[in-house]
Amino acid sequence: GENVEQHPSTLSVQEGDSAVIKCTYSDSASNYFPWYKQELGKGPQLIIDIRSNVGEKKDQRIAVTLNKTAKHFSLHITETQPEDSAVYFCAASIKRSAGGTSYGKLTFGQGTILTVHP
Amino acid sequence: NAGVTQTPKFQVLKTGQSMTLQCAQDMNHNSMYWYRQDPGMGLRLIYYSASEGTTDKGEVPNGYNVSRLNKREFSLRLESAAPSQTSVYFCASSLWGGLLTNYGYTFGSGTRLTVV
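Conventions used here
Residues numbered from 1 in each chain as written. Chains lettered and ligands numbered in written order. Predicted model: local features only at pLDDT ≥ 70, side-chain atom pairs only at ≥ 80, totals over all residues. Heavy atoms only, no water. Core = buried A, V, L, I, M, F, W, Y, C linked by side-chain atoms within 4.5 Å. Buried < 20%, exposed > 50% of the residue type's maximum accessible area, 1.4 Å probe, protein only. Helix = DSSP H or I, 4+ residues; strand = E, 2+ residues; numbered from the N terminus. Contact = heavy atoms within 4.5 Å. Polar contact = N/O pair within 3.5 Å; in protein donor to acceptor, adjacent residues only side chain to side chain. Pairing = 2+ DSSP bridges. Axes fitted to C-alpha atoms, helices over the stretch in contact; angles between N-to-C directions.

Q: Sorry, what's going on with the nonpolar core here?
A: Side chains of nonpolar character tend, in soluble globular proteins, to be buried together. Counting 23 residues, the largest nonpolar core has Trp35(A), Phe73(A) and Leu114(A) as its most contacted members. When contributions to this core are tallied by element, the ones reaching two or more residues are β2 (10-14), β3 (19-25), β4 (32-38), β5 (45-51), β7 (62-67), β8 (72-77), β9 (86-92) and β13 (112-117) of chain A. Apart from the residues lying within four places of it in its own chain, the contact partners of Phe73(A) are Ile21(A), Lys22(A), Cys23(A), Tyr25(A), Phe33(A), Trp35(A), Thr65(A), Leu66(A), Cys90(A) and Ala91(A). One finds Met19(B), Val66(B), Leu76(B) and Ala81(B) within the second-largest nonpolar core, a separate group that totals 20 residues.

Put into structure tokens, the structure is as follows:
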């Protein structure tokens, strides 16, 4: 099955700096790569995603890049703010079909604890 | 629009006790999932239901059972709780289909379970 490795496990930056989190995946058939942010005591929330036919996607201060050849993808957060402090998870999925229904199973990385110091 | 609702939010069980974690979504999603989250291990898939009437094992199914009661509800049952099942449990749902592009999961707020 799919295996997703995420690095670093902890990341500490000063407010205004950039933060980069990297993930690698094992299954070349994976075609969907979302990123989730989890705040303390809450469930993970989707912040950005990228599909395998796109190399880069940006949404305000966050961007994701995908290198299919190397099987790795990264999350970039610019101009970090204290409210960006949270646990971030990457994930990978293959879209499958069963009984006429399409679905996907996300495999998650181990998570990165991001701390932004004021 | 409540999204994904999980009950209870907290639970303490004694070893050997049983309980059912409830999950309901109101977004008309076809797929539902149960994950457990442990420190340093990310989220691991326990069971999933690709569509109403189907369920399949995930990465860590031992000690658990599930029921997809209808399109909205997907429950997780611990028949005989063990300390190793102490964890935070998350239910999620998603919409995948045909020519539609993939969608990410919507997660519930979690159930924090302690087995003593």
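Q: Is there a simple way to think about the side chain of Thr111(B) in this case?
A: Residues and elements named next belong to chain B. On the secondary structure map, Thr-111 appears in strand β11 (residues 111-115). Classification of Thr-111 as buried rests on a relative accessible area of 0%. Side-chain polar atoms of Thr-111 contact the backbone oxygen of Pro-8, separated by 2.5 Å. Leaving out residues up to four positions away in the same chain, Thr-111 has contacts with Gln-6, Thr-7, Pro-8, Lys-9, Leu-21, Ser-87, Val-88 and Tyr-89.

Q: Looking at this structure, I do not really get the environment of Gln37(B). What am I missing?
A: Relative to the helices and strands, Gln37(B) is located in strand β4 (residues 31-37). Judged by relative accessible area, Gln37(B) falls into the buried class, the value being 15%. For Gln37(B) and Tyr89(B), which are 52 residues apart along the polypeptide, the C-alpha to C-alpha distance reads 6.3 Å. Sequence-distant contacts of Gln37(B), that is, excluding residues within four places in its chain, are made with Gln38(A), Phe89(A), Gly42(B), Leu43(B), Ser87(B), Val88(B) and Phe90(B). At 2.8 Å, the side chain of Gln37(B) forms a polar contact with the side chain of Gln38(A).

Q: Would you mind showing me how to read the sheet that holds strand β8 (residues 74-78) of chain B here?
A: In a beta sheet, neighbouring strands pair by backbone hydrogen bonds and run either parallel or antiparallel. Residue and element names in this part refer to chain B. Spatially, β1-β3-β8-β7 is the arrangement adopted by the four strands of the open sheet, whose pairing is antiparallel. With one partner strand each, in any of the chains shown, β1 (4-7) and β7 (64-68) form the two edges of the open sheet. Averaged over all neighbouring strand pairs, the angle between strand axes comes to 15 degrees, with direction disregarded. Inspection of the sheet shows β7 paired to β8 by five bridges, in the antiparallel sense.

Q: Can you walk me through the pairing of β7(A) in this structure?
A: In summary, the side chains of a regular strand alternate between the two faces of the sheet. All names here are of chain A. With four bridges joining them, strand β6 (residues 56-59) and β7 adopt antiparallel strand pairing. Across the sheet, Lys-58 pairs through a bridge with Ala-63, a residue of β7. Between β6 and β7, which pair antiparallel and follow one another directly, the connecting turn spans two residues, one of which, Gln-60, has a positive phi of 55 degrees. Note: β7 against β8, six bridges, orientation antiparallel. Each residue of the ladder has a partner; that of Thr-65, found in β8, is Ser-74. Between β7 and β8, which pair antiparallel and follow one another directly, the connecting turn spans four residues, one of which, Lys-71, has a positive phi of 55 degrees.

Purely spatial values, then, with no claim about function.
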